[in-house]
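Close look at the chain arrangement
Below, each chain spelled out in residue letters.
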Amino acid sequence: MNLSGIRTGIGYDIHPLVEKRPLVIGGVEIPHSKGLAGHSDADVLSHAVADALLGAAGEGDLGRHFPDTDPQYKNISSLRLLEKVRDRLKAGGFIILNIDTVVIAQAPRLTPYMDRIRAQIAKTVGLPESVVNIKAKTAEGLDSIGRGESIAAQAICTLLKEY
């Protein structure tokens, strides 16, 4: 195997919590009194994964491809955006090898939803669940996340470029 074709990317996203919006993380709607504000459905996990994939491929970030100034992306499911990123990578000769993520939220507790979130992300990018990892952490009461004002996510992925 030619290891020069292995690439790694990182992604990060954060959105404020607001009233009258559904809370969607990893494509799964989670019962909560608030949801994430954003142009799309504001799914921080899907955004972080997409950014990590685009970064590993040297393709910039999510905002470059799907700007929040474009009305066609208003309230779009972030899983649709992630599908478009997956298709772009496939067309460019990339194979996704691994995705590891962490969602940082003070509330709600995400443990009951982790298996569904993992399954949804894996299905969307076309991977077996065994190579997709989702972790949840709190901010221990610190910063806007710890005060329950926002939720963030980080992702790292590994791609293989077929030559």
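Everything below is about the structure printed above this text.
Attention in this report is confined to the structure presented alongside it. (Residues numbered from 1 in each chain as written. Predicted model: local features only at pLDDT ≥ 70, side-chain atom pairs only at ≥ 80, totals over all residues. Heavy atoms only, no water.)

**With respect to the packing of helix α3 (residues 78-91) against helix α4 (residues 114-125)**
Two quantities define a packed helix pair, namely the angle between the axes and the distance from one axis to the other. Running from N to C, α3 and α4 point in directions that differ by 40°, and their axes come no closer than 8 Å. Considering their axes alone, α3 and α4 lie oblique with respect to each other. The segment α3 lies against α4, with Leu 79, Leu 82, Glu 83 and Arg 86 engaging Gln 120, Ile 121, Thr 124 and Val 125. (Axes fitted to C-alpha atoms, helices over the stretch in contact; angles between N-to-C directions. Helix = DSSP H or I, 4+ residues; strand = E, 2+ residues; numbered from the N terminus. Parallel < 35°, antiparallel > 145°, perpendicular 65-115°, else oblique. Contact = heavy atoms within 4.5 Å.)

**Some points on the pattern of salt bridges**
Tallied over the entire structure, the rule returns 5 salt bridges. In this structure, Asp 100 and Lys 135 form a salt bridge, with 2.7 Å as the shortest nitrogen-oxygen distance. Of this pair, Asp 100 sits in strand β5 (residues 94-104) while Lys 135 sits in strand β6 (residues 132-137), and the two are 35 residues apart along the sequence. The closest approach of N and O atoms between Glu 149 and Arg 147, which form a salt bridge, is 3.1 Å. (Salt bridge = Lys/Arg side-chain N within 4 Å of Asp/Glu carboxyl O.)

**Observations regarding α3**
A rise of 1.5 Å per residue sets the reference length of α3, with its 14 residues, at 20 Å; its end C-alpha atoms lie 20 Å apart and thus fit the reference within 8%. Among all positions in α3, only Ser 78, Leu 79, Leu 81, Leu 82, Val 85 and Leu 89 are buried. Angular distribution of buried residues about the axis of α3 spans 155°; they occupy a single face of the element. Exposed and oriented more than 90 degrees from the buried face of α3 are Lys 90 and Ala 91. Looking at the buried side of α3, the elements it contacts are α1 (44-56), α2 (62-65), β5, α4 and β7 (150-161). Where α3 ends, the next residue or the one after it, Gly 93, has phi of about 85°, a positive value. (Expected span 1.5 Å × (residues − 1). Buried < 20%, exposed > 50% of the residue type's maximum accessible area, 1.4 Å probe, protein only. Arc of directions from axis to C-beta.)

**Observations regarding the sheet that holds strand β4 (residues 35-36)**
On the basis of which strands lie adjacent, the open sheet formed by 5 strands has the order β4-β1-β7-β5-β6 and mixed pairing. Of all the strands in the sheet, the pair left with one neighbour each is β4 and β6. Pairing of β5 with β6, which is carried by 6 bridges, proceeds in the parallel orientation. Residue pairing for β6: Ile 104 is matched across the bridge by Lys 137. Its contacts with the sheet place α4 against β5 and β6, and it is angled at close to 140° to β6. (Pairing = 2+ DSSP bridges.)

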